[in-house]
There are 2 protein chains.
Amino acid sequence: VNYAVMMAGGAGTRFWPLSRQTLPKQLLPIGDDQTLLARAIGRVAPLAPAARVLIVTGEAIAAPIAAAFPEVPAANIIAEPLRRNTAPCAAVAAKILLDRDPDAVMALLPADHVIRKEDELRTLLAAAFAVAARSDELLTLGVKPQYPETGYGYIETGDPLDEENSRPYFRVAAFHEKPDAATAQHFLDSGRFLWNAGIFVFRASVFLRAVAAAMPDLAAAVAEIDGCAPPEKIGAALARLYPALAPTSIDHGVMEKVRNILVFPADIGWSDVGSWTALRELHPADPHGNVGQGDFLALDGGENTFYAQGGVAVAVGVEGLIIVHTPDATLVARRDDAQGVKRVFEEFERRGWKKYL
Amino acid sequence: VNYAVMMAGGAGTRFWPLSRQTLPKQLLPIGDDQTLLARAIGRVAPLAPAARVLIVTGEAIAAPIAAAFPEVPAANIIAEPLRRNTAPCAAVAAKILLDRDPDAVMALLPADHVIRKEDELRTLLAAAFAVAARSDELLTLGVKPQYPETGYGYIETGDPLDEENSRPYFRVAAFHEKPDAATAQHFLDSGRFLWNAGIFVFRASVFLRAVAAAMPDLAAAVAEIDGCAPPEKIGAALARLYPALAPTSIDHGVMEKVRNILVFPADIGWSDVGSWTALRELHPADPHGNVGQGDFLALDGGENTFYAQGGVAVAVGVEGLIIVHTPDATLVARRDDAQGVKRVFEEFERRGWKKYL
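Below is a short write-up of the structure. (Residues numbered from 1 in each chain as written. Chains lettered and ligands numbered in written order. Predicted model: local features only at pLDDT ≥ 70, side-chain atom pairs only at ≥ 80, totals over all residues. Heavy atoms only, no water.)

### Section: the interface of chain B and chain A
Right, so step 1: Listed as interface residues are 37 residues of chain B and, on the opposing side, 37 residues of chain A.
Right, so step 2: Carbon and sulfur atoms supply 60% of the area that chain B and chain A bury against each other, a total of about 2,800 Å² over both sides.
Right, so step 3: Interface area lost by chain B to chain A is led by V316, T330 and V332 of chain B, which between them contribute 20%.
Right, so step 4: Joining chain B to chain A, the criterion identifies 3 salt bridges.
Right, so step 5: Close ionic contact of R343 of chain A with D300 of chain B constitutes a salt bridge, the shortest N to O distance being 2.8 Å. (Contact = heavy atoms within 4.5 Å. Buried area = accessible area lost by both parts, 1.4 Å probe. Salt bridge = Lys/Arg side-chain N within 4 Å of Asp/Glu carboxyl O.)

### Looking at unusual backbone geometry
Right, so step 1: The omega torsion across W16 of chain A and P17 of chain A is 5 degrees, close enough to zero to call that bond cis.
Right, so step 2: Within the secondary structure, P17 of chain A sits in the loop between β1 (2-8) and α1 (36-44).
Right, so step 3: We note that N85 of chain B has phi near 65 degrees; this positive angle belongs to a residue other than glycine. (Helix = DSSP H or I, 4+ residues; strand = E, 2+ residues; numbered from the N terminus.)

### Regarding the relation of the copies chain B and chain A
Right, so step 1: For the pair chain B and chain A, the relating rotation is 179 degrees, the translation along its axis is 0.1 Å, and the fit reaches an RMSD of 0.1 Å. Both copies are brought into coincidence by an operation consistent with a two-fold rotation axis. Scanning chain B for the C-alpha nearest the rotation axis identifies P327 of chain B, at a separation of 2.1 Å.
Right, so step 2: Take the interface residues of chain B: 100% of them recur as interface residues in chain A, which is what a same-surface contact looks like. (Least-squares fit on C-alpha atoms with pLDDT ≥ 70 in both.)

### Side note on the packing of helix α3 (residues 86-100) of chain A against helix α6 (residues 204-214) of chain A
Residues and elements named next belong to chain A.
Right, so step 1: The geometry of α3 relative to α6 is characterised by a closest axis approach of 9 Å and an angle of 135 degrees between their N-to-C directions. Here α6 runs oblique to α3, going by the angle between their axes. Once α3 is placed against α6, the crossing between them reads as left-handed. In this structure, α3 contributes A90, A91, A94, K95 and L98 to the contact, and α6 contributes A204, S205, F207, L208 and V211.
Right, so step 2: Grouping the constituent residues of the contact of α3 with α6 by class yields 8 nonpolar, 1 polar and 1 charged. (Axes fitted to C-alpha atoms, helices over the stretch in contact; angles between N-to-C directions. Parallel < 35°, antiparallel > 145°, perpendicular 65-115°, else oblique. Left-handed = near helix turned anticlockwise from the far one by under 90°. Nonpolar A, V, L, I, M, F, W, Y, C, P; charged D, E, K, R; others polar.)

### Quick word on empty space enclosed by the protein
Residues and elements named next belong to chain B.
Right, so step 1: In total, this model carries 2 cavities of 30 Å³ or more according to the counting rule given.
Right, so step 2: For the largest cavity, the calculated volume is near 70 Å³.
Right, so step 3: In terms of lining residues, the largest cavity is bounded by M6, A40, R43, V44, L109, P110, H113, I115, L121, A197, I199 and W270.
Right, so step 4: Of all the secondary-structure elements, those providing two or more residues to the lining of the largest cavity are α1 (36-44), β4 (105-110) and β9 (193-203). (1 Å grid on protein atoms, 1.4 Å probe; cavity = no way out; pocket = protein on both sides within 12 Å on 5 of 7 lines; lining within 4 Å. Points joined across faces, edges and corners; volume = space filled by probe spheres on them.)

### A word on the pattern of salt bridges
Right, so step 1: This model, assessed by the stated rule, comprises 43 salt bridges over all chains.
Right, so step 2: We note a salt bridge from R351 of chain A to E347 of chain A, for which the minimum N-O separation is 2.9 Å. A residue pair is termed a helical-turn pair when its members lie 3 or 4 positions apart in one helix, as R351 of chain A and E347 of chain A do in helix α11 (residues 341-351) at 4 residues.
Right, so step 3: Residue class for R351 of chain A comes out partly exposed when judged on its relative accessible area of 35%.
Right, so step 4: You can call E347 of chain A buried: its relative accessible area is 15%.
Right, so step 5: Its salt-bridge partner being E303 of chain B, residue R280 of chain B comes within 3.3 Å of it at the nearest N-O pair. In this pair, R280 of chain B sits in helix α10 (residues 279-282) while E303 of chain B sits in the loop between β12 (291-299) and β13 (305-316), placing the two residues 23 residues apart along the sequence.
Right, so step 6: By relative accessible area, R280 of chain B is classed as partly exposed at 23%.
Right, so step 7: With relative accessibility at 33%, the residue E303 of chain B sits in the partly exposed group.
Right, so step 8: Three or more residues joined by partner-sharing salt bridges are found here, namely D32, R39, R43 and E118 of chain A. (Buried < 20%, exposed > 50% of the residue type's maximum accessible area, 1.4 Å probe, protein only.)

### Quick look at the environment of A133 of chain B
Residue and element names in this part refer to chain B.
Right, so step 1: On the secondary structure map, A133 appears in helix α4 (residues 118-134).
Right, so step 2: Remark: the alpha-carbon pair of A133 and V211, spanning 78 residues in sequence, is separated by 18 Å.
Right, so step 3: Apart from residues lying up to four places away in sequence, A133 is in contact with V105 and R203.

### Thoughts on the pairing of strand β7 (residues 154-164) of chain A
Regular strands have side chains that alternate between both faces of the sheet.
Residue and element names in this part refer to chain A.
Right, so step 1: The pairing of β7 with strand β8 (residues 167-176) spans 7 bridges and is antiparallel. For E156, the partnering residue across the bridge sits in β8 and is A174.
Right, so step 2: With antiparallel pairing between neighbouring strands as the criterion, β7 and β8 make up a hairpin whose turn holds 2 residues, including N165 at a positive phi of roughly 55 degrees.
Right, so step 3: Here β7 pairs with strand β9 (residues 193-203) via 3 bridges, running antiparallel. The residue bridging I155 from the neighbouring strand is L194, located in β9. (Pairing = 2+ DSSP bridges.)

### So, the side chain of N304 of chain A
Residues and elements named next belong to chain A.
Right, so step 1: Summarising the element assignment, N304 is placed in the loop between β12 (291-299) and β13 (305-316).
Right, so step 2: At a separation of 3.2 Å, a polar atom in the side chain of N304 contacts the main-chain amide nitrogen of G320.
Right, so step 3: With sequence-adjacent residues up to four places away left out, N304 is seen in contact with R280, G289, N290, V291, V318, E319, G320 and L321. (Polar contact = N/O pair within 3.5 Å; in protein donor to acceptor, adjacent residues only side chain to side chain.)

### Some thoughts on the packing of α1 of chain B against α4 of chain B
Residue and element names in this part refer to chain B.
Right, so step 1: Two elements in contact, α1 and α4, have axes whose closest approach is 9 Å; the angle formed by their N-to-C orientations is 55 degrees. On the basis of the axis angle, α1 is oblique to α4. Seen along the crossing, α1 lies across α4 with a hand that is right-handed. Residue-level inspection shows R39, R43 and V44 of α1 in contact with α4, the latter providing E118, L121, R122 and L125.

Laid out in structure tokens, this is it:
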């Protein structure tokens, strides 16, 4: 049976002041009225309804997530006691699902990305579910690159295989970490490389065998979890096991080390929404290049990016800025300095302005 | 007896989003924790305590003003039904005070300016009260100009008279409207011109005689007001009389047309707080030229002007901007385009965003 595992553990400091310590990016309505997590759950519901959704998140936000998604069974909301990147998250989810359903096939999905072509995503996921169910392969979706991005990992395609759901797929030749600019250009030009969007589909049992081969310590740890136990017992097991786990990504810890991986090239309108500038991909621009979400107004000037929540953001005569309004904080930043937002936190800590974090 | 008449009728659209239709500039805490009106009343209290303060304001804000200043008698809060500039305001106030006290000497004071040297203001007002009480002269305070401002009217000094309270004063040679740049420079260089800050002191009876000579229609209108009548009757009289009054400033309508005016040069740290950029005169700058009121943070960049109410305003890597945060609106404007804020209103009207006005 098919399951969807939502990886919803991110902190999302880059979306301050909209994101806060207890309101990370996946719980924000970015690009849409719904939160990114709600959208992520909704778009796969035809393949895996809420009863078969597992949400893996952090302890600080597990309760608000449970309240926001009453249709997801309480036993399916897994709170990690510490942040340990995606490999432990995926392995814990696989073990829990396997204990509950020996035939579980799971899609592992980041909960804080935007996917505009949802029909195509479902077509590809359905194809991957089908291949995963009948084989001992790990499946992934690789996004067709639009430009030589250096901030993403890449998936190198190998031999073409067949089609499923009318979509071609390939054996994976290799996973590559973030490239330098020249390499990224080479990847783009070759036509054989895809962006690694962190979307995987596999049988839980097959994945756990890969974990046992690539990360035996992690495999031993998750073997101690009884996925059928009540949530408190699972929570206690995670609290005991997590401190000893090394933070490792599923790509680096598992996928780069195993051979049985297939990939579907995906044209799904994907964005990882990495910073405020990503809003420019999610909303149409006015004739002066202003883009935004919520009530905003730009007079003179242009090329500004707005987000207004609970109020209005107005710019007069300014260019190329990110302007964010929330009821208790305003951010104005140069568009090419979207990462500088991180430093705001250090200064707030120094000043004791925790109420704004 | 001495009275203080606060002209508190301004709309203050230039301080949007802090100012709103029912929260004009004089009711804002600019440069200080107190509102400009509270500060204006407080600074003259040693000369004219609250019982002898008359506040002339607009109907929309009379009730909040009455609530904010319970120490000012209800009969002393005069709500103008229409905006008719300062000459009607001054004449109405003079008639009301004269009816209540034939010897009334009144200081006419804008309620939305900043005066940093309050001791010196009181010294000069006390001097002006004394001269006004014993003579048939109109007194004014003229601010010593700091630079060739083209946005203010000027007062040209004539013959020196004497000293009062150790402060010299002069006969006024002429009132001049806002000059062009060359004229303003000439005014500054000559040393004989002062900024017209709209601060006047006179016996009510003497001023009403000047009004009778310069603006007989206005004099005839205010003659119909019974200053000793209950507030509702005064309100009804104003409602009947105001529509026929021409909007006229006290300078243009009266002061430019009469000869019996004396002026005290005033070094009182005066600012008319004409736009957001005035905050730069009211608060110290950090080493990067950032200035502000409320919780604000500037990383990189500089020369920014902040006002944060009910939250924090943060700028990363930007220069020369005005950044204002309120709970339901954010404004970002180029510092040299502070007047552009006015156009925001037109666009808001067009969009039906009245909730933000």
